[in-house]
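Chain and residue survey
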Amino acid sequence: MARNKQRERAAAAPVVETVDGGLAELIPDRERPRAWTLLIDGAPQSHVDLDDPAHLSFEYQRRLGHIADLAAPPNRPLQVVHLGGGAFTLARYVAATRPRSTQQIVELDGLLVQLVRRELPLDSAARVRVRSTDARAGLAKVQDGWADLVIADVFSGARTPAHLTSTEFLAEVRRTLRPGGFYAANLADGPPLTHLRGQIATAAAVFPELALTADPTVLRGRRFGNAVLLASDRELPVAELTRRVATDPHPGRVEHGRALADFAGGAVPVTDASAKPSPAPPASVFQ
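A few points on the structure. (Residues numbered from 1 in each chain as written. Predicted model: local features only at pLDDT ≥ 70, side-chain atom pairs only at ≥ 80, totals over all residues. Heavy atoms only, no water.)

When you go through the protein residue by residue, the secondary structure sums to ten helices and twelve strands. Considering only C-alpha atoms, the protein reaches an extent of 55 × 40 × 35 Å along its principal axes. Counted over contacts in the protein with a minimum sequence separation of 6, partners at least 24 positions apart contribute 68%. Counting every atom, the protein has about 13,000 Å² of accessible surface; 51% of that belongs to carbon and sulfur. Across the protein, the 34 positively charged side chains and the 32 negatively charged ones have centroids separated by 3 Å. (Helix = DSSP H or I, 4+ residues; strand = E, 2+ residues; numbered from the N terminus. Contact = heavy atoms within 4.5 Å. Areas by Shrake-Rupley, 256 points an atom, 1.4 Å probe, with all protein chains shown as cover. Lys, Arg positive; Asp, Glu negative; His and termini not counted. Charge placed at Lys NZ, Arg CZ, Asp CG, Glu CD.)

Put into structure tokens, the structure is as follows:
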């Protein structure tokens, strides 16, 4: 068995194709025989281990995984909407950790969906539906109160599109969530964190309970990076989320309550009329 895995790893070669969003590359993982990293125009998007879909390599994906773990009691199936598909990493994670879950992926890039389905096929037992359409348009088709969890991880040219940053967008998210459901968003920003602060204010205008988790250096505005925003209409499991994030390979920090409001620093909610894409990451981020 070990020899077979060694041969498979040695034989694996990158897969490169042009998709709607740019140049997609699937790079084999040297340490894990059937694991791959998806890059779009050189920016890492997803990591998938076909042998172990519960393995989450990227830190922000680990934090989203923690949120999926805490969205309901262990082993209870979830109904999840994924805005942004990438390589379907989080959908695979939920399918592996919560069998019988029902999931919808909304991914605009149809050619990327075809590439992922062909090269990184989903488990045939996974209840996952994929729609190739705009995230907000796809969300509008989800019935009221259907989702236990909505995950937003949408980037175009390494930037979150403007129409997915507003109070009107988040009102649509809340419409699709059942009472007590979770909304989790992968946000990217750097000094002076104007976008991140604005997104906190925007979520606070729609949801009564918020928490934010990120690397401390990102929260201090020392470098560009990812932060995961969690929102709900019920009390959040902040203590358990904090414990899990603190024990990750790269420990993070969780802010909530007054500390999070202070971090937002008087930022005002974003509306469709004022929305802008998230800032472009500096070139050094992907070097």
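Turning next to the sheet that holds strand E6 (residues 102-106). Taken together, eight strands build an open sheet; the order of strands is E7-E6-E5-E8-E9-E11-E10-E12 and the sheet is mixed. Looking at the sheet topology across the chains shown, the edges are occupied by strand E7 (127-131) and strand E12 (253-256). Adjacent strand axes in the sheet meet at a mean angle of 15 degrees, parallel and antiparallel pairs treated alike. Relative to strand E9 (residues 177-189), strand E8 (residues 147-152) is paired through five bridges, and the arrangement is parallel. The residue of E9 that forms the bridge with Ala152 is Ala185. Packing of helix H6 (residues 167-176) onto the sheet brings it into contact with strand E5 (79-83), E8 and E9, and relative to E9 it is tilted by some 145 degrees. Strands in contact with helix H7 (residues 194-204) are E9, strand E10 (209-214) and strand E11 (225-232); relative to E9, the strand with the most contacts, it is inclined by about 170 degrees. (Pairing = 2+ DSSP bridges. Axes fitted to C-alpha atoms, helices over the stretch in contact; angles between N-to-C directions.)

Next up on the list: the nonpolar core. If you look at the biggest cluster of nonpolar residues, it comprises 35 residues, and the most contacted ones within it are Leu83, Val173, Tyr183, Ile200, Phe207 and Leu212. It is E9 that contributes the most residues to this core, four residues altogether. Beyond its immediate sequence surroundings of up to four residues, Phe207 is in contact with Leu170, Val173, Arg174, Leu177, Tyr183, Ala231, Ser232 and Asp233. The next biggest cluster of nonpolar side chains, apart from the first, holds 26 residues, and it includes Phe58, Tyr60, Ile67 and Ala72. (Core = buried A, V, L, I, M, F, W, Y, C linked by side-chain atoms within 4.5 Å. Buried < 20%, exposed > 50% of the residue type's maximum accessible area, 1.4 Å probe, protein only.)

Turning our attention to the sheet that holds strand E4 (residues 43-49). Pairing is antiparallel across the open sheet formed by four strands, whose spatial order is E1-E2-E3-E4. Since the sheet does not close on itself, it has two edges, and those belong to strand E1 (15-19) and E4, each with one partner. Pairwise comparison of adjacent strand axes, ignoring direction, gives a mean angle of 20 degrees for this sheet. In this sheet, E4 lies alongside strand E3 (residues 35-40) in antiparallel orientation, the contact comprising six bridges. Looking at E4, one finds that Leu38 is bridged to Ser46. Most of the contacts of helix H4 (residues 110-119) go to E1, to which it runs at about 155 degrees, and overall it touches E1, strand E2 (22-28) and E3.

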